[in-house]
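Secondary and tertiary structure notes
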Protein chains: 4
Amino acid sequence: MSGVGIWFVGARGSVATTTTVGLLAIRSRLAGHTGMVSELPEVAAAGLASLDGVVIGGHEVAEGTLGKRAEELSAGGVFPPALATVLAGDLAAADERIRPGVVAGHGTQRAAADRVEAELRAFRDEHGLDRVVVVDVSSTEPPVGGDEPALATLEALEAALDAGEAPLPGSSLYAYAAFRAGCPYVAFTPSPGPRVPALLALALDNGVPWAGSDAKTGETLVKTVLGPMFAMRALKVRSWSSVNLLGGGDGQTLADPTNAASKIATKANGLESILGHPVDGPLHIDYVPDLGDWKTAWDLVSFEGFLGTRMTMQFTWSGCDSSLAAPLVLDLVRLVARAHELGAAGPVEEFGFFFKDPAGSDVHALSAQWAALADWCARAGQGSL
Amino acid sequence: MSGVGIWFVGARGSVATTTTVGLLAIRSRLAGHTGMVSELPEVAAAGLASLDGVVIGGHEVAEGTLGKRAEELSAGGVFPPALATVLAGDLAAADERIRPGVVAGHGTQRAAADRVEAELRAFRDEHGLDRVVVVDVSSTEPPVGGDEPALATLEALEAALDAGEAPLPGSSLYAYAAFRAGCPYVAFTPSPGPRVPALLALALDNGVPWAGSDAKTGETLVKTVLGPMFAMRALKVRSWSSVNLLGGGDGQTLADPTNAASKIATKANGLESILGHPVDGPLHIDYVPDLGDWKTAWDLVSFEGFLGTRMTMQFTWSGCDSSLAAPLVLDLVRLVARAHELGAAGPVEEFGFFFKDPAGSDVHALSAQWAALADWCARAGQGSL
Amino acid sequence: MSGVGIWFVGARGSVATTTTVGLLAIRSRLAGHTGMVSELPEVAAAGLASLDGVVIGGHEVAEGTLGKRAEELSAGGVFPPALATVLAGDLAAADERIRPGVVAGHGTQRAAADRVEAELRAFRDEHGLDRVVVVDVSSTEPPVGGDEPALATLEALEAALDAGEAPLPGSSLYAYAAFRAGCPYVAFTPSPGPRVPALLALALDNGVPWAGSDAKTGETLVKTVLGPMFAMRALKVRSWSSVNLLGGGDGQTLADPTNAASKIATKANGLESILGHPVDGPLHIDYVPDLGDWKTAWDLVSFEGFLGTRMTMQFTWSGCDSSLAAPLVLDLVRLVARAHELGAAGPVEEFGFFFKDPAGSDVHALSAQWAALADWCARAGQGSL
Amino acid sequence: MSGVGIWFVGARGSVATTTTVGLLAIRSRLAGHTGMVSELPEVAAAGLASLDGVVIGGHEVAEGTLGKRAEELSAGGVFPPALATVLAGDLAAADERIRPGVVAGHGTQRAAADRVEAELRAFRDEHGLDRVVVVDVSSTEPPVGGDEPALATLEALEAALDAGEAPLPGSSLYAYAAFRAGCPYVAFTPSPGPRVPALLALALDNGVPWAGSDAKTGETLVKTVLGPMFAMRALKVRSWSSVNLLGGGDGQTLADPTNAASKIATKANGLESILGHPVDGPLHIDYVPDLGDWKTAWDLVSFEGFLGTRMTMQFTWSGCDSSLAAPLVLDLVRLVARAHELGAAGPVEEFGFFFKDPAGSDVHALSAQWAALADWCARAGQGSL
């Protein structure tokens, strides 16, 4: 397979910038593949696109340049400053391919969606790409109510858009445009994106696969291996308290409780599903600007063993979210592109390995997700899903 | 299946006492099954013996009584003091079935082995048991050199014993007697036990299954889920430093570096096998009497992600080793007894789930071990391995 | 000095019960003085009352008995169960001296205050006590607005009470009655108690000393030694994030954000005062019922050193709040009684060592507070403040 | 005061290089004074030398250049890479003033000492300095036996040197030469340095002040505030376990148990002195190359409170040793120079604030040390010690 494009929603954000720098660095042999799941033999077996031909573009509402963002991120320790310097020219070239993002309230959603769709088609045509994967790495939006009539069916949605209404959350507007343009989609954040009924239908109608949502990069990743450990050993988890301190742009967004609601919901779901019962304990996400692009999470697990004996485990995770996220973006782009090539449509449940809230699946235990992913890749490698 | 006996080597140690208290408490409906893997549906499917008919006996070199040990353990928080009080009569009865253990240098090993074998047979006959599982929970012994000629073959061993020599480590003497008496065996500690070539052969000759060795109850258990997590995410573990502070009897034994060698070796092996490369970092086991029966372990993992970014994870495990071990003893007794019933012989590699140094297997990742165990149990449930 | 009584507000709460059990245990030589500051030579030098003659009484709104509460606390590991058993008779006797607490809305505050005052006088007379120290260990109340006219002056307060109004927070009603009865007072919680202007005047008018408020027992205690450490080394604290997980009665009260406001305010003040600048970072207090009487606090300190280098320190405190608080109650009772004996009136600022929000002082660094306390005790030992 | 020189023993080591970079950066207004105790008002009150006139020289046995070392350290995150670049010229100039260090076994100790003394005098003269402070920041040496006759008196030492013997540890040879040249000395490491009887006498004879030894920069610093906290609250510390993982040059030296003996002894002393009783628990120092210039220390404190209740506290310190040490070097140079100016001789016990093993003092609690330092500085500010 060849000719894959990545179209970022939020193209100058931390994750998109780190992904872009990383792709360019790998291609220039300035960096290796650490952190890239798609380079592990079980996943590479799917027959994935080479990174050499990947072209990056995207939408962005914020000012600035990729080069400037790369400098800021490298000053914060996300990657070596030398990379930002060496790749300055390539970053400037990538920056040229970034278009102004959709701003809510400027014009109708119908017009905005048409514009996005046209830009996606133009990007694909201009670079002669086989397919373009749209990846949403923009700021987290609040959850949508489940009973919005205009989102309930594709017909209702089209009618509302035709009537000049604005029923779509921002992330869903991009998903709508992507599916209409025949582009696979990755819902990297907990934003609604393609997860409203009307768009679930549209993806299937248009034969477009997608993956989501809310990539698990740190503390939740750990939970999905520790939770099964307690379950496999018949130890009873009595409470699980979680604190996430983070300072980057995502932290700022999540400091607003309305936006955090999406994140907190998807973080909590998995554990209860794994353990099979509700678990007491707070789940905090706090914005601590001083921490910059780094996140420190602390979890305290109180559990009960034989004869009622009470024990505890605690862990502290000190990770760089952008650095953990970026290789997964590349992995997902390659996998979703391969799924598209093989004719898959709708949410690919076997990609749940990457997500806190796996679309199409209720499996949260990491090893079970890994087995499903490896199995999908083996089948893809033989050209038949 | 019915009529299973447990014969402890180290019958008044912390693990044996907690197991005995636990079995009696469960049978009296004073306690539930928390911590018992064999009560999970995937494992119970094997068709395991009820705990109601289990009889406990054993060898012990130390003075004292089970009742006294139970009081000490309950004072240390291993289980509620009320249990020791209520079960005092049953514990006294169990104590009657404990025989003096083998003391090195008192008589020949041949005589000692004959005595142990006779006592195992007598225990089985007296209580009309279908089978007796010997469980070594005595103090950890140092590793044996791999080139001891008298342990190399069964013939050489028999000749040495006939000649009045004492080639067997203490734990192996018990395994020898057990296999001769047709008793399945559980090597719960890292002591050599059945893992010398002569005894590997004897177990197969006599059609006796066994499981071992070195139960993973705490910090190593965690390692075998976190290690695979890093591997599945292509994150490069650069160093993994481990500190184990413990105050119980095992701590005292392990304060002797010679004895600790067994433990440290089996703790380190798994991680390197999981990650596929050597990992830097110390592994300490320290005796801190003040901590009593509780263990605190602290691990620091330094790892590298995308573009060389360095991150860390640390965890602190505060567990009660005896409480974590006891239910696994009951699990293993039931599983090994079932294996015996179904005609298995030699190390049952599918029981590696329970061990730091799984006999007959190089699989250390907990979820892979769980899958193997569940598969074995499904087959056992259908009566055919 | 002899003949000191303790009158608890919240006499069957965790702290009061643990203090009562402890006093009885010490008097029966069943326990030592660990945790009691007043037994250290620098503090004992003040010439404090013996514990042997102390009589305990109090008010309580909750049902139950001291004996029952003692059993519950010992089951939760606050002290050995044997103590509750051995001291059952003494606890029952103490329980007889507990009177029904004031319930808001039942009668006028004037009538309630009169009743409390009469009961304090009766307790003192009946037991022939030199003085009775009232100690508020009841549930934390929300802060009061600073501009309540009826609390602004003693005259306004008396007029409001005469008019049948109810201007006093519950804790302040007890302080009002205590001061009128000539009883010293300990504000062990962050509730308003004696800290409203009208009562500050009353204590001075009546020549009654008091100490407060909000005893520092755990995480805040640690902050007041670590904060000065960073300051003395000219290291710049950039953020300090704190999480407190607790399950006892106090936890439940604090789960209500209105009540927690008092606590959070006093916890945060000290650190900023010590460091001399505002410090970023969340401060959470969470109710996790599973944790019972134990509290786990986790703090992350991010600081900057030479040439801007960023470093971190984190700590986890696992303590039993009632056990940490009870000996301080005995310390404060002895110290406040001594202050009373020596004629002090109003808040004793040198007792700030014990508090998160030291009345009459802005010193928060523990060692500076210790120096002030030791100096006061030396002067008290010479009979002259 | 003006005209102070610093002469490093180990002039291209991590601490000396970071100090040199820091001094140059401060002087060029590229960095502030964070981490410098001598800029706090209580210490600055002593009337200390400006940093502007300080000249740096030293001895070094290792190859390389200051510029190269600065690059390595900045790559490891000790300070921003830009500093190494901007200051490259100044660093090269400083490098010119570094002389070859003494290599054991090359010539007699008498000749080596004469050479060092001459170089110190030449450095002082050439730069017109009022005084030169020798600072030992070279690799830690093993402790010396207390009964070496040639080190017992100054006469015996001189005779041994005259006889061509080599009785002096390396660090002590430098101290000997420094004292003969009239240079104050800072024993920044736990090496013997000036702490052998013959040199104690020599410093007094020659009227030279010195400070030492073994700067407390991280985990021990924390211990000296937490230890007093437990003592002041009458809480009984039952065990205190410490683990230090470090990867820099010092880590490598300390991986040799012989060298580590010095360090471990001085780290343990303070705590027992503070608490007034021996404390159980291991103290590990491990070399983990992967950690580079950063150190992670983990401590577990098990303590007992009222009625025997057992509690724990643990902390993790993640610090950069060179970054923590460098500002203290500048502080000590200024303070020892001021002491020299004011005519002090021998160990200045009030400088114990900086050290794990304070020469001339048994005070370890940080706040008590701070009070003594501040008092000394106030006196020095008035020109009279």
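The shown structure was predicted, so the numbers you read here are calculated from the model rather than taken from an experiment. (Residues numbered from 1 in each chain as written. Chains lettered and ligands numbered in written order. Predicted model: local features only at pLDDT ≥ 70, side-chain atom pairs only at ≥ 80, totals over all residues.)

1. So, the overall build of chain A
Formally: Only runs of H or I of at least four residues qualify as helices and only runs of E of at least two qualify as strands under DSSP, and these elements are numbered from the N terminus. Each radius of gyration is computed over the set of C-alpha atoms, and the globule rule expresses the reference value as 2.2 Å times the number of residues to the power 0.38. We call two residues in contact when the distance between their C-beta atoms, placed using the backbone, is within 7 Å.
The secondary structure content of chain A amounts to 14 helices and 11 strands. Against the compact-globule benchmark of 21 Å for 385 residues, chain A has a radius of gyration of 20 Å, which places it among compact chains. With the C-alpha coordinates aligned to their principal axes, the bounding extent of chain A is approximately 70 × 50 × 45 Å. Contacts spanning at least 24 positions in sequence make up 80% of the contacts within chain A whose residues lie at least 6 apart.

2. Some remarks on the interface of chain B and chain A
Interfaces are often sized by the amount of accessible area the parts lose when they come together. As a reminder of what qualifies: Basically, the charged four are Asp, Glu, Lys and Arg, the nonpolar ten are Ala, Val, Leu, Ile, Met, Phe, Trp, Tyr, Cys and Pro, and anything else, Gly included, counts as polar.
Every contact between the two is made by 48 residues of chain B and, on the other side, 48 residues of chain A. Ranked by the residues each element gives to the side of chain B that touches chain A, the list is headed by strand 10 (residues 310-320) of chain B, at 10 residues. A breakdown of the residues in the side of chain B that touches chain A according to their chemical character gives 30 nonpolar, 14 polar and four charged.

3. Examining the packing of helix 3 (residues 66-75) of chain D against helix 5 (residues 88-96) of chain D
Residue and element names in this part refer to chain D. Applied cut-off: Between the N-to-C directions of two axes lies an angle of 0 to 180 degrees, each axis being a line fitted to C-alpha atoms and, for a helix, fitted only over the stretch in contact. Just so you know how the angles are binned, under 35 degrees is roughly parallel, over 145 roughly antiparallel, 65 to 115 roughly perpendicular, and the rest oblique.
Relative orientation of the contacting elements helix 3 and helix 5 amounts to 130 degrees, with a least axis distance of 8 Å. Judged by the angle between their axes, helix 3 and helix 5 are oblique. Residues Leu66, Gly67 and Ala70 of helix 3 form the contact with helix 5, whose own contacting residues are Ala88, Leu91, Ala92, Ala94 and Asp95. Residue classes in the contact of helix 3 with helix 5 are distributed as six nonpolar, one polar and one charged.

4. Concerning helix 8 (residues 170-180) of chain C
Residue and element names in this part refer to chain C. Definition in use: Residue burial is a threshold on neighbouring C-beta atoms within 10 Å of the residue's own C-beta, all placed from the backbone, with 20 or more meaning buried, 12 or fewer meaning exposed, and counts in between meaning partly exposed.
Most of helix 8 is tucked away, with 10 of its 11 residues classed as buried. Looking only at helix 8, the buried set comprises Gly170, Ser171, Ser172, Leu173, Tyr174, Ala175, Tyr176, Ala177, Ala178 and Phe179. Looking one or two residues beyond helix 8, the residue adopting positive phi is Gly182, at roughly 75 degrees.

5. Some points on the pairing of strand 2 (residues 55-60) of chain D
Within a regular strand, the side chains alternate between the two sheet faces. Residues and elements named next belong to chain D. Our working definition: In short, DSSP must find at least two bridges between two strands for them to pair.
Among the six residues that make up strand 2, five are buried, leaving the element largely enclosed by the rest of the structure. As paired strands, strand 2 and strand 3 (residues 98-100) are joined by three bridges and run parallel to one another. By the bridge assignment, Glu60 is partnered in strand 3 with Pro100.

6. So, the domain arrangement of chain A
Residue and element names in this part refer to chain A. As a reminder of what qualifies: The split of the chain into domains comes from an automatic or database domain assignment.
According to the domain assignment, chain A consists of domain 1 (4-214 + 323-381) and domain 2 (219-320). For domain 1 versus domain 2, the separation of C-alpha centres amounts to 26 Å. Contacts between the two partners involve 23 residues from domain 1 and, on the opposite side, 26 residues from domain 2. Contributions of two or more residues to the side of domain 1 that touches domain 2 are made by helix 13 (321-341) and helix 14 (366-381).

7. Remarks on the interface of chain D and chain C
Between chain D and chain C, the contact holds 47 residues from the first and 48 residues from the second. For the side of chain D that touches chain C, the elements supplying multiple residues, two or more each, are helix 1 (14-27), helix 10 (219-232), strand 10 (310-320), helix 13 (321-341) and helix 14 (366-381) of chain D. Ranked by residue count, the leading element in the side of chain D that touches chain C is strand 10 of chain D, at 10 residues. Considered class by class, the residues forming the side of chain D that touches chain C number 29 nonpolar, 14 polar and four charged. One ladder, built from seven bridges, connects strand 10 (residues 310-320) of chain C with strand 10 of chain D; its direction is antiparallel. Bridged to Thr312 of chain C within strand 10 of chain D is Ser318 of chain D.

8. So, the relation of the copies chain D and chain C
Our working rule: Alignment of copies: least-squares fit on C-alpha atoms of residues with pLDDT of at least 70 in both copies.
Least-squares fitting of chain D to chain C yields an RMSD of 0.0 Å, with the superposition described by an axial translation of 0.0 Å and a rotation of 180 degrees. This pairing of chains is accounted for by a two-fold axis. Closest approach to the rotation axis within chain D is made by the C-alpha atom of Phe315 of chain D, at a distance of 2.0 Å. Most of the interface of chain D is mirrored in chain C, where 100% of its interface residues again form contacts.

9. Describing the sheet that holds strand 9 (residues 294-304) of chain B
Strand order in the open sheet made by the eight strands is 8(A)-7(A)-9(A)-10(A)-10(B)-9(B)-7(B)-8(B), with mixed pairing throughout. What marks the edges here is a single partner per strand, and that holds for strand 8 (283-287) of chain A together with strand 8 (283-287) of chain B. In this sheet, adjacent strand axes meet at a mean angle of 10 degrees when their direction is disregarded. In this sheet, strand 10 (residues 310-320) of chain A lies alongside strand 9 (residues 294-304) of chain A in antiparallel orientation, the contact comprising 11 bridges. Bridge assignment links Leu300 of chain A to a residue of strand 10 of chain A, and that residue is Gln314 of chain A. On the sheet, helix 13 of chain A packs against strand 7 (236-246), strand 9 and strand 10 of chain A and is oriented at approximately 80 degrees with respect to strand 10 of chain A.

10. Some details on the sheet that holds strand 3 (residues 98-100) of chain A
Residues and elements named next belong to chain A. The strand order across the open sheet formed by seven strands is 3-2-1-4-5-6-11, and the pairing between neighbours is parallel. Pairing within the sheet leaves two strands with one partner each, and these edge strands are strand 3 and strand 11 (346-347). Inspection of the sheet shows strand 1 (residues 4-9) paired to strand 2 (residues 55-60) by five bridges, in the parallel sense. Residue pairing for strand 2: Val9 is matched across the bridge by His59. Against the sheet, helix 8 (residues 170-180) makes contact with strand 1, strand 4 (131-136) and strand 5 (185-187), and its axis sits at roughly 170 degrees relative to strand 4, the strand it touches most.

11. Some thoughts on the packing of helix 1 of chain D against helix 3 of chain D
Residues and elements named next belong to chain D. Taken N-terminus to C-terminus, the directions of helix 1 and helix 3 make an angle of 95 degrees; their axes are 10 Å apart at the nearest point. By the angle between their axes, helix 1 is roughly perpendicular relative to helix 3. Residues Ser14, Thr17, Thr18, Thr20 and Val21 of helix 1 form the contact with helix 3, whose own contacting residues are Leu66, Arg69, Ala70 and Leu73. Looking at side-chain class alone, the contact of helix 1 with helix 3 contains four nonpolar, four polar and one charged residues.

12. Remarks on the relation of the copies chain B and chain A
Expressed as a screw operation, the relation of chain B to chain A combines 0.0 Å of axial shift with a rotation of 180 degrees, fitting to an RMSD of 0.0 Å. Most of the interface of chain B is mirrored in chain A, where 100% of its interface residues again form contacts.

13. A closer look at the environment of Glu155 of chain D
Residue and element names in this part refer to chain D. Structurally, Glu155 can be placed in helix 7 (residues 154-162). Overall, Glu155 belongs to the exposed group, with 10 C-beta atoms counted inside 10 Å. Sequence separation of Glu155 and Ala198 is 43 residues, and the distance between their C-alpha atoms is 7.7 Å.

14. Topic: the nonpolar core
Applicable threshold: Any set of buried Ala, Val, Leu, Ile, Met, Phe, Trp, Tyr and Cys residues joined through C-beta atoms within 7 Å is what this text calls a nonpolar core.
Ranked by internal contacts, the top residues of the largest apolar core, which has 523 residues, are Val133 of chain A, Val133 of chain C together with Val135 of chain D. Apart from the residues within four sequence positions on either side, Val133 of chain C is in contact with Val4, Ile6, Trp7, Cys183, Pro184, Val186, Val333, Val336 and Ala337 of chain C.

15. Describing the confidence of the model for chain A
Where the model shows low pLDDT, its predicted coordinates should not be examined in detail. Formally: Every residue carries a pLDDT, the predictor's confidence in it, which falls somewhere between 0 and 100.
Mean pLDDT over chain A works out to 94, with 97% of the residues at or above the 70 mark. For this predicted complex, the interface score ipTM comes out at 0.96, while the overall pTM is 0.95.

16. Structural notes on unusual backbone geometry
Trans is the common state for peptide bonds, and a negative phi is the common state for residues other than glycine. Between Gly212 of chain A and Ser213 of chain A the backbone carries a cis peptide bond, its omega angle lying at -10 degrees. The residue Leu307 of chain B is not glycine, and still its phi comes out positive at about 60 degrees. Within the element layout of this structure, Leu307 of chain B appears in the loop between strand 9 and strand 10.

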